Every structure is written in C-alpha cells, then in structure tokens.
Protein chains: 2
Amino acid sequence: MPHNRLSEQAFLANYNVHDFDVPLTSVDLVIFTVRDGALHVLLVKRAEHPFKGKWCLPGGFINMQTDADLDAAALRKLHEKTGVKAPYLEQLQGFGNATRDPRGWSTTFAYFALIASDNIALNHGSGADAAQWFSVDAAAQIPPLAFDHATILQTGIKRLRNKVEYTSLPAHLLPAAFTLSDLQQVYQTVLGRDVDKSAFRKRIREGNFLIELPGQFRLGSNRPAQLYGLRKGQDTVYFNRIIGGDKNVE
Amino acid sequence: MPHNRLSEQAFLANYNVHDFDVPLTSVDLVIFTVRDGALHVLLVKRAEHPFKGKWCLPGGFINMQTDADLDAAALRKLHEKTGVKAPYLEQLQGFGNATRDPRGWSTTFAYFALIASDNIALNHGSGADAAQWFSVDAAAQIPPLAFDHATILQTGIKRLRNKVEYTSLPAHLLPAAFTLSDLQQVYQTVLGRDVDKSAFRKRIREGNFLIELPGQFRLGSNRPAQLYGLRKGQDTVYFNRIIGGDKNVE
DNA sequence: ACCACTTAGTTGTAAAATACAACTAACTTA
DNA sequence: TAAGTTAGTTGTATTTTACAACTAAGTGGT
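Just so you know, these numbers come straight off a predicted model, no measurement behind them.

Novice: For this particular structure, what's the right way to read the protein's contact with DNA strand D?
Specialist: Residues in contact with DNA strand D amount to 22 residues; listed here are only the nearest, R223(A), S181(B), S198(B), N222(B) and Q226(B). Elements supplying a minimum of two residues to the surface near DNA strand D: helix 5 (197-207) and strand 9 (222-230) of chain A together with helix 4 (180-191), helix 5 (197-207) and strand 9 (222-230) of chain B. The element that contributes the greatest number of residues to the surface near DNA strand D is strand 9 of chain B, accounting for 4 residues. Of the residues assigned to the surface near DNA strand D, the class counts are 4 nonpolar, 11 polar and 7 charged.

Written out as structure tokens, the structure reads:
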C-alpha cells in the first residue's frame, strides 16, 4: 500500500520509530559560577562506558517519559548535580556528528547555566561519580574531556564572555544580595579587564534591573555598601553598547 | 554480566541503539532573503504525512549515512530547495518536546540562512512539493504552519532583527556586488526604521568588511554609485554598539 | 579623641562619538 | 543647459564616554 494513500491517522498507527536509524540524543550543561574571584565550570567524572573514568560536562540522555521538553531535561540534570532549582539557564548550541560518540551518530543540546556559588551542594550521588569545580582561567588545569566536550566548553566560555559585554547576565553569578562593587568585580573577572566605576554604575542604574534592598548594607572595616538584588520578574537586560566600548568583540 | 565490568570495547560491541527509546531528530531551516524591498522567508508544502498538504519550514531527517554533521545536513537541505551552495548559515536553536510531532518525542536543530534573492532557482523537485517565498512583514499572509514551525519562524525573525542591530549580517542578503545605499536599504528593511546616512557609512567603513570593486559602478539616471563586495574570508563583524543607538533591543 | 586606612560612592572635565541637517558631486533626460 | 535624482561629504550642537580626582563613612590603632 503506497505511503501517500494512507490517511494521517492510519499513517501514524503504522509508524514505528524503531524502524529507522535515529541518532542518539542527549543534553549537556556548561555550569558556571564564580568562586574565589575566578570563573569556574562544573565537571563530573564518568561512571560508565564509554569514556569511563574520564571527566566530562554534566548531562545525559533525555528521559522521554519524564522530561516534557529539552529545557526540562536540562533543568533536571542541573538539579541532580547541584541541587539548584532556579538557575539562569539558556540553550547554548547543538552539536552532532558521526564521530563524537563511539556508539554512533549522536547529537547533544548543550545548555549554559549560571549559578551563585553559595547555592551549591554538590551531589556526588548516583553512580558515585565525582563532581568538581575547575577554574576556567587556568586552561592548563582543565583535564582532557570525553566526547567533544572540550569544544562545547570552549563554545560556552566564548558565549558567556561575549554576552557579558552587553547584558546583565553576571548578576546571576552572585547570591541574592550583593553590592555594586561585587557586581563590577564579576564583570571584570569574566571579561578579564577593568571597567570604569562611574560608567559602570551609570549603566547599571539605567538598566534598571536591580533593586536597592532598603536599609541593608555590607559592613566591614570601611564605609558600608548598599546591598542590591535582582528585580524579580526581570528579564536579562541588553545594553545598547558593549561595556568599556573601545574594543571589538567576536 | 554487570555493565560496569565490561571493557569499553566489549561494551561498544554489545551496544545496540535500537534497544533504547530515542527521540526523532531533524533539521529545519529558516531561510531569509530580501525581495522587492521586503524580508521574505521560504516555506514548502508537505508532500507526506504527518501534516500532509500543510506549509512548513524546509527541513527533514538527518541522513546518518551521508551527513557528516548537523551543518552538513542543513546545507544539504538548503541546497536541495534553493540550489544555493554557499549561504550564510548559522544554528538558530534546538527545539524538542513530546508533542510537537504526532509520531512522538522529537527534536529539531533549527538553522538560519541568509541568501541573495538573485541566487535562487527554487527546486520544486522531489515529491512535487511547492516552495514559495512569503513576506515576513505581512504576518497575516503567512499560512498556519505544521509542527511548531510558527514558533521556530518567530524565533528566527527575532534573532535576525536582533543581530542586524550590531553585526554585518545583512551583507549576505545582497548579491555579490552592491552599493552602500543598497546595504543601508537592507538594514532599514529588516530593522523597520531609518538610519542616518553618514553614521551608517562611518560604521561600515570602520567595520572594514567590504571591498570597493575598483572601477565598478551602478549606473542610472543620476550619479553613479560605487559597487562593493564582501571582503573574502571575512567573518561577520560585531559592532560595539547597536545602530542608531537610542533604542533598547530585546 | 583623633588620625591613618580602606572601600563606597560622586563629581568634573577633556575628548570622542552621535544625530541631524545641509551641502556638494555626478550623472541622465528633456 | 537646466531640472531632477541619487551619491557621497561636511559642519555642528548635543550626548556620551574615559579618566581621574574628589568626598563619604565606616574600622582600628595609638
């Protein structure tokens, strides 16, 4: 019976996914945080074949029974590894080819997450696989990664650095209350260069994505600093120009 | 025999993709061009179930035998539909959930292509499916689309408009030789607003991604205009600020 | 009590970039 | 040769930035 004579209903009744060759499909995460004044990324050690014992980005196969969509799958993986429930999460890029996984043609949806380092209870749980933060700046300290995860990681770093130039993203790398100096410090850490204090503050003020926490200050052996938080319900702010604007970014 | 006692080699020898439930995986394209002073997108009519007879974005399943990677799959689809071999092509975003395809959990890697309208020989070929350009500005003229392609299309339009604010992308919507006025016109068409001529030219000059075609001019019933082409091997240029810079973009 | 020290936050100003508009240039057509 | 049209440049008031110095508000030592 020729295919195109069937009704759509009959077509679907006869359709069996397993009749076709389909690529393997997974979700992987590049999870960033700032610790000790440096940008860090979370890596885990593989507990199973292939690449057993090698470091890689957290991730894995989609659970077609429980994951409503790709974002849900990524959130689930993130929560399993870090305990964080409400991170900044966006899709990074898809990767797929015949050789990245020895099991065959495979694809992955790479995600990109920002979390505050005070939020984390690393879960060394299922499979007794190790999880550890690695500094991104010290490229030499990052171990060889399984699959094409080195490429994915580099893509994630590049994307983060690029978006930090013109968005409010770094606020998600800080705890719920922070000072403007904290925020400036994070920008500088990620960008690898200093930014002007007054221009920085003007930009933040006009972006209008922070709220002053009334009466709350960071105390120390110096002038107390006003604490701020992310305005709730606030989306990422895109500035009109890159910060410190005399440099071209890729 | 417990899984984790196997060597990697033995593990792979025993591994059969068909033992697992895997989502369907496809590649879809949002192909833009500028015709008659308006931004257009290419749609095709489905020749097969599901959604037979409905309009959708060009695309389809990955061919695991012939497609080396995702980009190759997207390029193949593009070439099949338009005959264009060297478009501007970048990955847009992945989409995946349990309901977008009636055949089951499915994912797609959406791509985003820019081509010059003089480059196109629409291929109504295999499957006798119609292919047609639709104006993006006249939202009412775009028919209902199969799957979640309306969402993908809107994501593509948003991304294009956004990137045009601060990149040299629109040059790819023009033929190999064009005038600065042509280019400015394309920017204005995509952005939906006018830009200042002298500021525009300064930006283009400093971006340094065009070459003057020596001695070549567009003639007409007025002053001849210098023709330019894309500097070859030139990547997309990212400007420091959005064009016309007094407007915030999402 | 007061002064040194440190970080927070503001202010001043020269230089650079932009927006807006008018100008000149070079061709065709009547 | 004058009108019409589009190409391309120039001038200038206004805005924005970069840089640096300044004031503010606490702690801690003497």
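Novice: So what exactly am I meant to see when it comes to helix 2 (residues 70-82) of chain B here?
Specialist: All names here are of chain B. An ideal rise of 1.5 Å per residue puts 18 Å on 13 residues; helix 2 measures up with 18 Å between its terminal C-alpha atoms. When we look at burial in helix 2, the residues that qualify are L70, A73, A74, L75, K77, L78, K81 and T82. One or two steps after helix 2, the chain reaches G83, where phi turns positive at roughly 80°.

Novice: Is there a simple way to explain the pairing of strand 2 (residues 38-45) of chain A in this structure?
Specialist: Side chains on a regular strand alternate between the two faces of the sheet. Residues and elements named next belong to chain A. Pairing of strand 1 (residues 24-35) with strand 2, which is carried by 4 bridges, proceeds in the antiparallel orientation. Directly across from R35, in strand 2, lies its bridge partner A38. Hairpin geometry of strand 1 and strand 2 is characterised by an intervening segment of 2 residues between the two adjacent antiparallel strands and by a positive phi of about 50° at D36. Sheet analysis places strand 2 next to strand 3 (residues 55-56), joined by 2 bridges and oriented antiparallel.

Novice: Is there a simple way to think about the packing of helix 3 (residues 149-164) of chain B against helix 4 of chain B in this case?
Specialist: The angle between the axes and the distance between the axes are what describe a pair of packed helices. All names here are of chain B. Close contact between helix 3 and helix 4 brings their axes to 9 Å; oriented N to C, the two are set at 135°. Put simply, helix 3 runs oblique to helix 4. Classified by chirality, the crossing of helix 4 by helix 3 is left-handed. Here L160, R161 and V164 of helix 3 come into contact with helix 4, specifically with Y187, V190 and L191. For the contact of helix 3 with helix 4, the residue count by class is 5 nonpolar, no polar and 1 charged.

Novice: Explanation requested: the protein's contact with DNA strand C in the structure shown.
Specialist: S181(A), S198(A), N222(A), Q226(A) and R223(B) are the nearest of the 22 residues found near DNA strand C. Within the residue set of the surface near DNA strand C, elements represented by two or more residues are helix 4 (180-191), helix 5 and strand 9 of chain A together with helix 5 and strand 9 of chain B. Sorting elements by how many residues they give to the surface near DNA strand C places strand 9 of chain A first, with 4 residues. Its residues assigned to classes, the surface near DNA strand C shows 4 nonpolar, 10 polar and 8 charged.

Novice: Could you clarify how one ought to interpret the packing of helix 4 of chain A against helix 5 of chain A in this entry?
Specialist: Residues and elements named next belong to chain A. Viewed as axis vectors pointing N to C, helix 4 and helix 5 meet at an angle of 105°, and their least axial separation amounts to 11 Å. Judged on the interaxial angle alone, helix 5 and helix 4 are roughly perpendicular. Judged by residue contacts, L180, L183 and Q184 of helix 4 engage K197, F200, R201 and I204 from helix 5. Of the residues assigned to the contact of helix 4 with helix 5, the class counts are 4 nonpolar, 1 polar and 2 charged.

Novice: Is there a simple way to think about unusual backbone geometry in this case?
Specialist: With the exception of glycine, the majority of residues adopt a negative phi angle, and the majority of peptide bonds are in the trans configuration. Residues and elements named next belong to chain A. A cis amide bond links H49 with the next residue in sequence, P50, at an omega value of -10°. Here N208, not a glycine, exhibits a phi torsion of approximately 60°, which is positive. The class for N208 is exposed, based on 11 C-beta atoms found within 10 Å.

Parameters at a glance
- Residues numbered from 1 in each chain as written.
- Chains lettered and ligands numbered in written order.
- Predicted model: local features only at pLDDT ≥ 70, side-chain atom pairs only at ≥ 80, totals over all residues.
- Near = placed C-beta within 6 Å.
- Helix = DSSP H or I, 4+ residues; strand = E, 2+ residues; numbered from the N terminus.
- Nonpolar A, V, L, I, M, F, W, Y, C, P; charged D, E, K, R; others polar.
- Expected span 1.5 Å × (residues − 1).
- Buried ≥ 20, exposed ≤ 12 C-beta atoms within 10 Å, placed from the backbone.
- Pairing = 2+ DSSP bridges.
- Axes fitted to C-alpha atoms, helices over the stretch in contact; angles between N-to-C directions.
- Parallel < 35°, antiparallel > 145°, perpendicular 65-115°, else oblique.
- Left-handed = near helix turned anticlockwise from the far one by under 90°.
- Contact = placed C-beta atoms within 7 Å.

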